[in-house]
Amino acid sequence: MKNEVVLKTDNLQVFLPNNQGILRAVNGVDLEIKKGKILGLVGESGCGKSVMSLSLLGLLKNKEWKIEGEIELRGKNLLSLSKEEMRKVRGKEMAMIMQNPMSVFDPLTTIGGHFVDTIQNHIKITTKEAKKIALENLKKVSLPNPEKIMKQYPFQLSGGMLQRVMIAIAIALNPAVLIADEPTTAVDVTVQHQILGQLKKLVKEHNTGVLLVSHDLGVIAQMADEVAVMYCGYIVEKAPVEELFRHPAHPYTKGLLSSRFQLTKRRLKPIEGQPPSLINLSNQCPFLERCNEAEEICTKYRMDEIGGIKNHLVRCAKYVTGNEVMLHELA
Ligand SMILES: Nc1ncnc2c1ncn2[C@@H]1O[C@H](COP(=O)(O)OP(=O)(O)OP(=O)(O)O)[C@@H](O)[C@H]1O
Ligand code: SF4
Ligand SMILES: [Mg+2]
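Cut-offs applied
- Residues numbered from 1 in each chain as written.
- Chains lettered and ligands numbered in written order.
- Predicted model: local features only at pLDDT ≥ 70, side-chain atom pairs only at ≥ 80, totals over all residues.
- Heavy atoms only, no water.
- UniProt positions renumbered as here; feature names shortened; annotations may be inferred.
- Salt bridge = Lys/Arg side-chain N within 4 Å of Asp/Glu carboxyl O.
- Helix = DSSP H or I, 4+ residues; strand = E, 2+ residues; numbered from the N terminus.
- Buried < 20%, exposed > 50% of the residue type's maximum accessible area, 1.4 Å probe, protein only.
- Phe/Tyr/Trp six-rings, centres within 6.5 Å; stacked < 30°, edge-to-face > 60°.
- Lys NZ or Arg CZ within 6 Å of the ring centre and 35° of its normal.
- Near = heavy atom within 4 Å.
- Nonpolar A, V, L, I, M, F, W, Y, C, P; charged D, E, K, R; others polar.
- Patch = residues over 30% accessible without salt bridge, like charges linked within 9 Å, V, L, I, M, F, W, Y side chains within 5 Å.
- Areas by Shrake-Rupley, 256 points an atom, 1.4 Å probe, with all protein chains shown as cover.
- Lys, Arg positive; Asp, Glu negative; His and termini not counted.
- Charge placed at Lys NZ, Arg CZ, Asp CG, Glu CD.
- Polar contact = N/O pair within 3.5 Å; in protein donor to acceptor, adjacent residues only side chain to side chain.
- Core = buried A, V, L, I, M, F, W, Y, C linked by side-chain atoms within 4.5 Å.
- Contact = heavy atoms within 4.5 Å.

Per an unreviewed UniProt entry, the chain is named Nickel import system ATP-binding protein NikD, and its organism is Anaerovirgula multivorans. According to its UniProt record, the chain has this under Sequence similarities (unreviewed entry): "Belongs to the ABC transporter superfamily."

Structural data, given as structure tokens:
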């Protein structure tokens, strides 16, 4: 079915009470990951991309995190599942490529051991059969000499190789959804190109739905079908990739795009100022202090008011009903 939604979040909120207040890392996120499509998620460091990604798979390490709202995988409410049920979902139905490959692997287990454990956790097959699947998947990510890699320990591989191993493990069980959090941070440009190529191939061959997290707009432009822009845990803009790059509407998105544009001219011009603290964040526009389009109406605007049109949503005072600004007028 075209545009079939495999994973959906509804008003997802992830927050962490601490001695200073409540750290609001993810604030009312509504996203849809569709079969055979890549949803790109961009935003500056610390805006909540990893916390949100980890929350989708129930992988937040600190048990103090609270999750509210809904996460629905093919009609199943993941937040109502037990730990054991969630463990079954991970790997088989939903897999993740983590931002930091080194932190994922047990240093005392060989790559082959990691593979076999993951596969046997989900399907009842012999170790020999699991090894065969592992080798096939290592070949898919173009790693040289997979037989040797199976016997090696994580510290014997480079960051780029580990990242490819992580992709191979993630795709081994052919999950319906793949969350890829900065899958190319630890690698050079050539390997980045290969990894992104493999991801695209996977989507095409297996109809996997992918959430691709990156702070690199170039990667997002090249890979994504749809883009969500995150700022202070809010999705401030969401649109099909061409629409977003041609007609960015939210001042933050415009700032991100212009900093990238400057970078291509070898002059990095980041958005001025810093995002506010996420602790006890209010529901006023968190971009207010940095925004060069701010007006009087912005002080009254609340982040639960969403403007724009069906395929192009914007959380900004200028686009909500009543302010009567057409979407492309400001672009
Ligand atoms: N384990 C943790 N304990 C406390 N706070 C955390 C923890 N992990 C993340 N945070 C905080 O949650 C917020 C969101 O962090 P997150 O790692 O999701 O950002 P990010 O968008 O993935 O950034 P980056 O681009 O640097 O990876 C930040 O304020 C961060 O300091
Ligand atoms: S609501 Fe106002 S301050 Fe916030 S992004 Fe829009 S124009 Fe800028
Ligand atoms: Mg991150």
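**Q** Describe the pattern of salt bridges, naming the residues involved and giving the relevant values.
**A** Applying the stated criterion across every chain yields a total of 11 salt bridges. For K132, the salt bridge is made with E136, and the minimal N-O distance between the two is 4.0 Å. Remark: E136 and K132 occur in helix α5 (residues 127-140); sequence separation between them is four residues, near one turn of the helix. With a shortest N-O distance of 3.5 Å, K318 and E295 are connected by a salt bridge. Here E295 lies in the loop between α11 (251-264) and β11 (307-309) and K318 lies in the segment after β12 (312-314), a separation of 23 residues in the sequence. Since its relative accessible area comes to 9%, K318 is described here as buried. Assessed through its relative accessible area of 44%, E295 is described here as partly exposed. One network of salt bridges, in which partners are shared, links K254, E293, E295 and K318.

**Q** Could you give an account of unusual backbone geometry, naming the residues involved and the relevant values?
**A** Glycine aside, residues mostly have negative phi, and peptide bonds are mostly found in the trans state. The phi dihedral of N11 is positive, around 50 degrees, even though this residue is not glycine. Secondary-structure assignment places N11 in strand β1 (residues 5-18). Of note, the phi angle at R74 is positive, near 45 degrees, even though the residue is not glycine. As for its placement among the helices and strands, R74 is situated in the loop between β4 (66-73) and β5 (76-77).

**Q** Explain the packing of aromatic side chains to me, using residue names and the numbers behind them.
**A** Two numbers describe a pair of aromatic rings. These are the distance of the centres and the angle of the planes. Summed over all chains, the structure comprises four aromatic pairs. Judged by centre distance (6.4 Å) and plane angle (20 degrees), the rings of Y153 and F155 are stacked. Judged by its relative accessible area of 33%, Y153 is partly exposed. Judged by its relative accessible area of 64%, F155 is exposed. With 5.2 Å between their ring centres and 85 degrees between their planes, Y231 and F287 make a pair best called edge-to-face. Note that Y231 is positioned in strand β9 (residues 226-231) and F287 in the loop between α11 and β11, a separation of 56 residues in sequence. Residue Y231 is classed as buried on the basis of its relative accessible area of 2%. Aromatic rings pair up to connect Y231, Y252 and F287 into one cluster. Cation over ring: R24 sits above F15, and NZ or CZ is 5.7 Å from the ring centre.

**Q** Explain the site of ligand 2 to me, and be specific about the residues and the numbers.
**A** Lining the immediate environment of ligand 2, one finds 13 residues, of which C285, C291, C298, C316 and A317 sit closest. Tallied by class, the residues present in the shell around ligand 2 amount to 10 nonpolar, one polar and two charged.

**Q** Can you lay out a negative patch on the surface for me, pointing to particular residues and giving the numbers?
**A** A grouping of D10, D30, E32 and E70 is seen on the molecular surface, where their side chains present a negatively charged patch. Within the fold, D30 resides in strand β2 (residues 21-34). A residue is classified by how much of its surface remains accessible, and D30, at 34% relative accessible area, is partly exposed.

**Q** Describe the site of ligand 1, with residues and values.
**A** The environment of ligand 1 is made up of 13 residues, and the closest members are S45, G46, K49, V51 and Q99. Between ligand 1 and S45, the relevant distance is 2.5 Å, taken from an oxygen atom to a side-chain nitrogen or oxygen of the residue. Protein chains shield 64% of the accessible area of ligand 1, which is 640 Å² for the free molecule. If one sorts the elements of the shell around ligand 1 by residue count, helix α1 (residues 49-56) sits on top with three residues. For the shell around ligand 1, the class distribution of residues is six nonpolar, five polar and two charged.

**Q** Can you explain the nonpolar core? Please cite residues and give values.
**A** Grouped burial of nonpolar side chains is what soluble globular proteins tend to show. Core analysis: the largest hydrophobic core is formed by 66 residues, its most contacted members being F115 and V165. With nine residues, helix α7 (residues 159-172) is the single largest residue contributor to this core. Sequence-distant contacts of V165, defined by excluding residues within four places in its chain, comprise F105, I111, F115, L138, L143, I149 and L157. Counting 35 residues, the second-largest nonpolar core is a separate cluster that includes V6, L12, M96 and I179.

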